[in-house]
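# Fold and geometry: a report
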Number of protein chains: 2
Amino acid sequence: MHKSNGRKELSIVALGGGTGLSALLRGLKKYTSKITAIVTVSDDGGSSGTLRRELGVLPPGDIRNCLVALSEEENLMARLFQYRFPSRGTLAGHSFGNLFLTVMSSISGGFSPAVASSSEVLAVRGKVLPVTLKSVTLSAELSSGRTVKGETNIAKSRSKVQKLSIHPALPSAGPGVVDAIKKADCIILGPGSLYTSVIANLLVKGVVQAIRRSKAPKIYIANIMTQPGETSGYTLRDHIEAIEKHTQKGLMDYVIVNSGKIPSKLLRRYARKGSYPVVADGIIYGIRLIEADVVSRREYARHNSEKLADIVCKLAV
Amino acid sequence: MHKSNGRKELSIVALGGGTGLSALLRGLKKYTSKITAIVTVSDDGGSSGTLRRELGVLPPGDIRNCLVALSEEENLMARLFQYRFPSRGTLAGHSFGNLFLTVMSSISGGFSPAVASSSEVLAVRGKVLPVTLKSVTLSAELSSGRTVKGETNIAKSRSKVQKLSIHPALPSAGPGVVDAIKKADCIILGPGSLYTSVIANLLVKGVVQAIRRSKAPKIYIANIMTQPGETSGYTLRDHIEAIEKHTQKGLMDYVIVNSGKIPSKLLRRYARKGSYPVVADGIIYGIRLIEADVVSRREYARHNSEKLADIVCKLAV
């Protein structure tokens, strides 16, 4: 499976969340086992009392998706984590993946440490780290003047996001996060929801500083399609400006944007929901634009894992 | 953790079951990740209907113990597998390890394939294979003339075992078993219960033939203490003769027997249960006797993982 052919294994850090990040990880694991996926987590507070009450509460799907994407036996792991208990009793209808994370939380002393521990007991190529152990919430000032709170509400907002904030402000980074960025041979932002996955990670204390100080190539992987609500009508430049506005200029060395054709049938389906291709709109000073066919043309206009990992790994060496 | 220092990783096969095999595996994983533990399993028949009815039935502890012993994060994995559900409902009081194997059984189509699959999704150095996928039972002719059926009854019998049989006779070996033996750089029998763990494995079709044909060193690790019932009063020679009687002469190249001192307090406690040290009683033609201090002197007179693995790996290269 490993494609490095005896060369030093690349150490890659990818910050994001959700389906997009999983697609990248799925491709990257064929090149290296030194992958750290840094994901946003809404911590549950961590006391065992809370955890017990929460037997059955859904932990964020992003964590499960990332663990499955990094698995050496992805199909088997996906089936294991998706398994739903058929019987009566407290677990009826719940997934094994959730139960696994709940039990890990119970023995690790909280949901966030459980995420790190899960990478250790499962056969995964790399690890998944929560960006912070703090119990944080996001809020967004919209162009309408309104402020919305919480990841779900931000993602649903029909008005453009002007400014994303995290509360409490500047939460400290989770164990291993800053260190992984420091040691990375390549740092990747995204793919993922611009505000709630990519920028949310960058609002954690020490993350931007560690990225800025690193000499490794820093790559932003733009989404294939805009997300109605979070990025309605955004061009590529809008995405980059949003990141720079929340961090600083010069954070990224490369931007990968899809130039592959998306079937018109798919485009029409997305358009009906207000979602359109993210297009490269001219030169952005200081950032090298990589236009490449990185799209998977199946049911959804999403990133193709292999194409994406191939380009990333070429930029990384 | 890995001690091979760039040399070719040794591929080691160990046949047995129970606590003894776990102690060996725990030591071996520091030397190599190419470990195959072949263990006896009483298959449950495999249909998903049966499995559902069995949500809650204890799968053999040997499998769980071997998976935990091979884990890269043994403490964490042990705590995970030992975790007991505190809540009400169908799972109350059951361990996570059993639930894990039950769910794996459900998605893999039976308990035995689930064992092999478990090695793939968990971070274990090596794999655990059931010696056969057939639903087998053991029976023993005792020196008293009586015949007893089933692993538990054989282990409890107060009369010496004359002949162990497996039913149905010569069950075919499970996937990967014969192949693992063929490719091994070292083949180890035990430690474990002489009849129900060691010899039981050797009654499976193709196992003895594969061992005999292999040019790898073949090592029998004798138990530290006799087991009342199975091996009451057995000397080392009795153990070897029992194995040869059920297979053939010349199957083993080496025998490792403990020569380390066992504290008299421990000896007295064992003696009260009719258990005594297994002693080397003279030369056994064709087999090289390795007398070494391989005992752990804590609560029980059991093998010390590190001492045992150290000797095995020296014999293997």
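Computed from a predicted structure; not experimentally measured.

## Some thoughts on a positive patch on the surface
A cluster of basic side chains, namely Lys265(A), Arg268(A), Arg269(A), Arg272(A) and Lys273(A), defines a positive patch on the protein surface. Locating Lys273(A) in the fold gives a position in the loop between helix H12 (264–271) and strand E10 (288–292).

## Some thoughts on the domain arrangement of chain A
One frequently used descriptor of interface size is the decrease in accessible area upon assembly of the parts. All names here are of chain A. Segmenting chain A into domains produces domain 1 (3–35 + 170–316) and domain 2 (41–130). The interface of domain 1 with domain 2 comprises 15 residues on the first partner and 13 residues on the second. Summed over the three residues of domain 1 that lose the most area to domain 2, namely Leu25, Lys29 and Ile35, the buried surface amounts to 42% of that side. Applying the counting criterion to the domain 1 and domain 2 interface returns 2 salt bridges. Two residues, Glu74 and Arg26, come together in a salt bridge whose shortest N-O distance is 2.5 Å. Inspection of the domain 1/domain 2 interface yields 7 residue pairs in polar contact (both at pLDDT 80 or more). Looking at the side of domain 1 that touches domain 2, its residues break down into 5 nonpolar, 7 polar and 3 charged.

## Examining the environment of Ser259(A)
Residues and elements named next belong to chain A. Summarising the element assignment, Ser259 is placed in the loop between strand E9 (254–258) and H12. C-alpha of Ser259 to C-alpha of Ile290: the two residues are 31 residues apart in sequence and 9.1 Å apart in space. Ignoring any residue separated from it by four or fewer positions in sequence, one finds Ser259 in contact with Glu291, Ala292 and Asp293. Within polar-contact distance, the side chain of Ser259 engages the backbone nitrogen of Asp293 at 3.5 Å.

## Some points on the pattern of salt bridges
It is possible for side chains bearing opposite charge to pair when their charged atoms get close. Residue and element names in this part refer to chain A. By the definition in use, this model includes 16 salt bridges over all chains. Between Asp310 and Lys314 there is a salt bridge whose closest N-O contact spans 3.2 Å. Taken together, the positions of Asp310 and Lys314, both in helix H13 (residues 305–316) and 4 residues apart, correspond to about one turn of that helix.

## With respect to unusual backbone geometry
All names here are of chain A. Of note, the amide linkage connecting His167 to Pro168 takes the cis form, showing an omega dihedral of -5°. Of note, Pro168 is situated in the loop between strand E6 (161–167) and helix H8 (177–183). Located in the positive-phi region is Leu170, a residue other than glycine, with phi close to 45°. Relative to the elements of secondary structure, Leu170 occurs in the loop between E6 and H8. According to the relative accessible area criterion, Leu170 is exposed, its value standing at 55%.

## Details of helix H6 (residues 111–121) of chain B
Structural remark: α-helix, 3.6 residues per turn; residues separated by three or four positions point the same way. Within H6(B), 8 of the 11 residues are buried, which leaves it mostly tucked inside the rest of the structure. Those residues of H6(B) lying buried are Phe111(B), Ser112(B), Ala114(B), Val115(B), Ser117(B), Ser118(B), Ser119(B) and Val121(B). Taken together, the buried residues of H6(B) touch helix H4 (74–82) of chain A together with helix H3 (61–70), helix H5 (96–108) and strand E3 (127–130) of chain B.

## Here we look at the nonpolar core
Residues Phe96(A), Phe100(A), Ile256(A), Phe96(B), Phe100(B) and Ile256(B) are the most contacted members of the largest nonpolar core, which totals 124 residues. What Ile256(A) contacts, discounting residues up to four positions off in sequence, is Ile219(A), Tyr220(A), Ile221(A), Ala222(A), Ile290(A), Val294(A), Leu308(A), Ile311(A), Val312(A) and Leu315(A).

## Quick look at the packing of helix H1 (residues 18–28) of chain B against helix H13 (residues 305–316) of chain B
Residues and elements named next belong to chain B. Between H1 and H13, the least distance of the axes is 7 Å, while the angle of their chain directions is 70°. Considered as vectors, H1 and H13 are oriented roughly perpendicular to each other. Crossing handedness for the pair H1 and H13: right-handed. Where H1 approaches H13, its residues Ala23, Leu24, Arg26, Gly27 and Leu28 are matched on the opposing element by Ser305, Leu308, Ala309, Val312 and Cys313. A class-by-class count of the residues in the contact of H1 with H13 yields 7 nonpolar, 2 polar and 1 charged.

## Description of the packing of aromatic side chains
All told, the structure shown has 7 aromatic pairs over all chains when counted by the stated rule. On the numbers, 5.5 Å between centres and 40° between planes, the contact of Phe81(B) with Phe100(B) is tilted. With Phe81(B) in helix H4 (residues 74–82) and Phe100(B) in helix H5, this residue pair connects regions lying 19 residues apart in the sequence. The rings of Phe81(A), Phe96(A), Phe100(A), Phe81(B), Phe96(B) and Phe100(B) are connected pair by pair, giving a single aromatic cluster. Sitting over the ring of Tyr300(A), Arg269(A) keeps its end group 5.5 Å from the ring centre. If you follow Arg302(B) out to its NZ or CZ, it ends over the ring of Tyr300(B), 4.1 Å from the centre.

## Concerning helix H5 (residues 96–108) of chain A
Residues and elements named next belong to chain A. Here H5 contains 13 residues, and its C-alpha end-to-end distance of 18 Å stays within 8% of the 18 Å for a straight helix at 1.5 Å per residue. When you tally the buried positions in H5, you get 11 out of 13 residues, the bulk of the element. Turning to H5, its buried residues are Phe96, Gly97, Asn98, Leu99, Phe100, Leu101, Thr102, Val103, Met104, Ser105 and Ile107. Positive phi appears at Gly109, one or two residues downstream of H5, with a value of about 85°.

## What about the pairing of strand E2 (residues 34–39) of chain A?
Residue and element names in this part refer to chain A. Most of E2 is tucked away, with 5 of its 6 residues classed as buried. The sheet contact formed by strand E1 (residues 11–16) and E2 spans 6 bridges and is parallel. Across the sheet, the residue bridging to Val13 is Thr36, located in E2. Assessed by its sense of winding, the connection that carries the chain from E1 through helix H1 (residues 18–28) to E2 is right-handed. Pairing of E2 with strand E3 (residues 127–130) involves 4 bridges; the strand directions are parallel. Paired with Ile38 across the strands is Leu129, a residue of E3.

Cut-off values and rules
Within each chain, residue numbers correspond to sequence positions counted from 1 in written order. Written order determines the labels here, with chains lettered from A and ligands numbered from 1. For this predicted model, a pLDDT threshold of at least 70 governs which residues receive local features, and a threshold of 80 or more governs which side-chain atom pairs are given and counted, while totals over whole chains, interfaces and linings are taken from all residues. Side-chain measures here rest on the full set of heavy atoms in the structure, leaving out hydrogens and waters. Candidates for patches are residues over 30% relative accessible area with no salt bridge; among them, like charges are joined within 9 Å and nonpolar side chains (Val, Leu, Ile, Met, Phe, Trp, Tyr) within 5 Å. Here the Shrake-Rupley method, with its probe set to 1.4 Å, supplies the accessible areas, and only the displayed protein chains count as covering residues. The rule for a salt bridge is simple: a side-chain nitrogen of Lys or Arg has to be within 4 Å of a carboxyl oxygen of Asp or Glu. Asp and Glu are treated as the negative residues and Lys and Arg as the positive ones, with His and the ends of the chain left uncounted. Taken as the charge location is NZ of Lys, CZ of Arg, CG of Asp or CD of Glu. Only DSSP runs of H or I reaching four residues or more are called helices, and only runs of E reaching two or more are called strands; each is numbered from the N terminus. Domain start and end points were adopted from an automatic or database domain assignment. Here, residues are in contact when the closest pair of their heavy atoms is within 4.5 Å. Defined in terms of a 1.4 Å probe, buried area is the accessible area two parts forfeit on being brought together, summed over both. Polar contacts, as counted here, are pairs of nitrogen or oxygen atoms within 3.5 Å of one another; within protein the pair requires one atom able to donate a hydrogen and one able to accept it, and residues that are adjacent in sequence qualify only if both atoms are side-chain atoms. Polar here means any residue outside two lists: the nonpolar Ala, Val, Leu, Ile, Met, Phe, Trp, Tyr, Cys and Pro, and the charged Asp, Glu, Lys and Arg; Gly therefore counts as polar. Burial classification: accessible surface area is computed with a 1.4 Å probe over protein chains only, and a residue below 20% of its type maximum counts as buried, one above 50% as exposed, and the rest as partly exposed. Buried residues of nine kinds, namely Ala, Val, Leu, Ile, Met, Phe, Trp, Tyr and Cys, make up a nonpolar core once their side-chain atoms join them within 4.5 Å. A fitted line through C-alpha atoms represents every axis, and for helices the fit uses only the stretch in contact; the resulting angles, taken between N-to-C directions, go from 0 to 180 degrees. When describing relative orientation, an angle under 35 degrees is termed roughly parallel and one over 145 degrees roughly antiparallel, while 65 to 115 degrees is termed roughly perpendicular and anything else oblique. Less than a right angle of anticlockwise turn of the near helix away from the far helix marks a crossing as left-handed, whereas a clockwise turn marks it as right-handed. Centres within 6.5 Å make a pair out of two Phe, Tyr or Trp rings, where for Trp the six-membered ring is used; the pair is then stacked when the planes are under 30 degrees apart, edge-to-face when over 60, and tilted otherwise. Note on criteria: charge over ring means Lys NZ or Arg CZ within 6 Å of the ring centre, with the direction from the centre no more than 35 degrees off the ring normal. What a helix should span is 1.5 Å times the count of its residues minus one. Pairing between strands is defined by DSSP: at least two bridges between them are needed. Handedness rule for crossovers: strands pointing away from the viewer, path from the first strand over the helix to the second running clockwise, crossover right-handed.

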